[in-house]
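# Structural characterization, general
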Amino acid sequence: MQAEQEIQLPRASSMWEKTWQWCAANLPSFIVIFALWEIVSRIWGDPVLFPTLEVIASRGWELTKSGILLKHTFATAYRILGSMVLAISLGVLIGFAMGRYRIWERFWLPIVAVLLPIPALAWTPVVVLWFGLGDVTMIFITTFGAVLPIISNTWTGAKSVNPAWIRAANSMNCGGHRLFFRIIFPGSLPFILSGVRVGLARAWRAGVAAEMVAASDWGLGYAIFASREFLDISFMLCGIAMIGLVGFVMEKFIFQNIETMTVIKWGMMEDVQVGGG
Amino acid sequence: MRSKVSIQKLTMSYYLKDRVVTALNGIDLEIADGEFLVVVGLSGCGKTTLLNILAGFIKPTGGEILLDGKPIAQAGLMNRGVVFQEYALFPWRTALQNVEFGLEMKGVDRKNRREIALKYLDLVHLTNFTNIYPHHLSGGMKQRVAVARAYAYEPEFMLMDEPFGALDAQTRESLQALTVEVWQKTRKTIFYVTHNIGEAVYLADRIIVLAGQPGRIYKEIRVDLPRPRDSFDPRYVELERETTRAVRQG
């Protein structure tokens, strides 16, 4: 007689194991890049133009401790956040109007088509003349950067809602605003989310770049650009690293969570992990 | 038995480029209360168009449809349930929430909603899958949820458009048996469209054979077999043969 075999299910990996796996997958690339940097900076031998990792790290620590780096980061993040709230409200509204009503589609489509390829940054001089240096200009430019992909994705999403869902809902007496909130909106959510994701990336890039020209005294872009006056390359590099870090955190911890809790859970979108694990 | 649905001189034409195409031409049909009516015909004969008109998705260009003696346009959508060929479940709702949808639309309160939805999920043997999202369900399970959803809305009149057409043979057979079981329990009038003749003979009280271009009723076949039906019964085979011949000739 055969002994009853125990079924071994794969154990869910713990938080630590996941972190370890993630580090093992991603750290080697960074280690190689850092090593190359260190070698070049030693050969070059100019501590001002090409500082060693140690110099950069200690400058970074100093800036973090004094809170200056964080203050610049928050100034940028706050502008981006404000403009994202605006861009999402406007973009989703216009996108749905286009997707559901022929007349709005006719009105907006040429406008969107013409504006979409223009980099938001190109508007900077115009907007600076209108609103001067500062938050209004910044929010205008970043909102412009984010709103177009959100409009065009929401429009596509609203048009590609499965007609069978709409018929099924209609057959159960669901129409008008109930149809919109219960079917059209969740049905186009995968498109809207990817539009917001592209919009955020565009806003973040345009925002930092515009700060170099148009911000008055705070913001990562402004800080990086201003520190050229002091030949402070370490400051610039720390600022650049911060830009990358914030972008990564927004993608990894905000977006992926929203997607995991909605469209991925519903099987409307594949689970694509950015940055491995 | 009195008529549940009465279709009179129904016509449906539309423009295809600059040509007028008549999809349905002078359909007269009475459906009795509690009857299981199955419509068969080759593809393009207008059977799905007829279903879509009955469901209220499209307006006919001529004729009249009465539901309980009243024009169907006035009857609104409150009294019809539809099961589609494609999986029309809402992916963002669990099986239970999908079944609750129609009840929500009717304004049934949360507690009763849950109770009724669970009753119908039980009817299609899916009580263990109430909190599962549709994409984790097999094709057969999805259609069972769709059937439960249509029934939970408690319509007077059930429309089914090749609901099991996309399923494998075994799953289809078990769902056909389930459909008869549910029909016998609820006694709702069913208008069922299929191109599968075996399915028609298994399910129907009466089979309507539509002939295409323009769509019209070619033949009516009464299925006088007791239920549950045995597909090896000589009379069953004979009815299949008769229906097949009618479909081909039509």
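A brief report on the enclosed structure follows.

What counts, and where the lines are drawn
Residues numbered from 1 in each chain as written. Chains lettered and ligands numbered in written order. Predicted model: local features only at pLDDT ≥ 70, side-chain atom pairs only at ≥ 80, totals over all residues. Heavy atoms only, no water. Contact = heavy atoms within 4.5 Å. Buried area = accessible area lost by both parts, 1.4 Å probe. Salt bridge = Lys/Arg side-chain N within 4 Å of Asp/Glu carboxyl O. Polar contact = N/O pair within 3.5 Å; in protein donor to acceptor, adjacent residues only side chain to side chain. Helix = DSSP H or I, 4+ residues; strand = E, 2+ residues; numbered from the N terminus. Nonpolar A, V, L, I, M, F, W, Y, C, P; charged D, E, K, R; others polar. Buried < 20%, exposed > 50% of the residue type's maximum accessible area, 1.4 Å probe, protein only. Pairing = 2+ DSSP bridges. Axes fitted to C-alpha atoms, helices over the stretch in contact; angles between N-to-C directions. Patch = residues over 30% accessible without salt bridge, like charges linked within 9 Å, V, L, I, M, F, W, Y side chains within 5 Å. Areas by Shrake-Rupley, 256 points an atom, 1.4 Å probe, with all protein chains shown as cover. Phe/Tyr/Trp six-rings, centres within 6.5 Å; stacked < 30°, edge-to-face > 60°. Lys NZ or Arg CZ within 6 Å of the ring centre and 35° of its normal. Expected span 1.5 Å × (residues − 1). Arc of directions from axis to C-beta.

As a further point, take the interface of chain B and chain A. Facing the 22 residues of chain B at the interface are 20 residues of chain A. The contact between chain B and chain A buries some 2000 Å² in all, and 67% of this surface belongs to carbon and sulfur atoms. The largest share of the area that chain B buries against chain A comes from B:Phe57, B:Trp92 and B:Met105, three residues that together contribute 32% of it. At the boundary of chain B with chain A, the tally comes to one salt bridge. With a closest N to O distance of 2.6 Å, A:Arg182 and B:Glu104 form a salt bridge. Taken together, the connections running from chain B to chain A amount to seven residue pairs in polar contact (both at pLDDT 80 or more). Those elements giving two or more residues to the side of chain B that touches chain A turn out to be strand E6 (80–83) and helix H3 (95–106) of chain B. Of the residues assigned to the side of chain B that touches chain A, the class counts are 14 nonpolar, three polar and five charged.

The next thing to look at is the pairing of strand E3 (residues 36–40) of chain B. Residues and elements named next belong to chain B. Counting buried positions along E3 gives five out of five residues, so the element sits mostly inside the fold. Burial of E3 is two-sided: the residues Phe36, Val38 and Val40 facing one way and the residues Leu37 and Val39 facing the other way are all buried. As paired elements, E3 and strand E8 (residues 189–193) share four bridges and run parallel to each other. Across the sheet, leucine 37 pairs through a bridge with phenylalanine 191, a residue of E8. Here E3 runs beside strand E9 (residues 206–211); their pairing, made up of four bridges, is parallel. Bridging across to E9, valine 40 finds its partner in valine 209.

Moving on, we get to the sheet that holds strand E10 (residues 216–222) of chain B. All names here are of chain B. Pairing in this open sheet of six strands is mixed, and the strands run E6-E7-E8-E3-E9-E10 from one edge to the other. Two strands bound the open sheet, and with one partner strand each, they are E6 and E10. Pairwise comparison of adjacent strand axes, ignoring direction, gives a mean angle of 20° for this sheet. The sheet contacts of helix H8 (residues 234–249) involve E3, E9 and E10, and relative to E10 the element is tilted by about 175°.

On the surface, a cluster of nonpolar side chains totalling about 930 Å² of accessible area is made up of A:Leu27, A:Phe30, A:Ile31, A:Val32, A:Ile33, A:Phe34, A:Leu36, A:Ile39 and A:Ile43. On the accessibility criterion, A:Phe34 (46% relative accessible area) is partly exposed.

On to the sheet that holds strand E4 (residues 62–67) of chain B. Residue and element names in this part refer to chain B. The four strands lie next to each other as E2-E1-E4-E5, forming an open sheet whose pairing is antiparallel. Here the strands that pair on one side only, and so sit at the sheet edges, are strand E2 (19–32) and strand E5 (70–71). On the sheet, helix H1 (residues 47–55) packs against strand E1 (3–16), E2 and E4 and is oriented at approximately 115° with respect to E1.

Moving on, we get to the side chain of A:Thr137. Residues and elements named next belong to chain A. Here threonine 137 is to be found in helix H6 (residues 135–159). Residue threonine 137 is classed as buried on the basis of its relative accessible area, which comes to 0%. Filtering out sequence-adjacent residues up to four positions away, threonine 137 remains in contact with Val127, Val128, Phe131, Gly132 and Ala214.

This paragraph deals with the packing of aromatic side chains. On inspection of all chains with the given rule, the structure shows 19 aromatic pairs over all chains. The interplanar angle of 15° and the centroid separation of 5.7 Å between the aromatic rings of B:Phe90 and B:Trp92 together place this pair among those described as stacked. On the basis of relative accessibility, which here comes to 0%, the residue B:Phe90 falls in the buried class. The ring of A:Phe225 has A:Arg228 lying over it, and the distance from NZ or CZ to the ring centre is 4.1 Å. One Lys or Arg, B:Arg149, reaches over the ring of B:Phe90 and ends 4.6 Å from the middle of that ring.

This brings us to H8(B). All names here are of chain B. The end-to-end C-alpha separation of H8 is 23 Å, in line with the 22 Å expected for 16 residues at 1.5 Å each. Within the sequence span of H8, burial applies to Tyr236, Leu239, Thr243, Ala246 and Val247. Down the axis of H8, the smallest arc covering the buried residues is 100°, so these residues share one side. The exposed residues of H8 that point more than 90 degrees off its buried face are Pro234, Arg248 and Gln249. Along its buried surface, H8 packs onto E3, helix H7 (197–203), E9 and E10.

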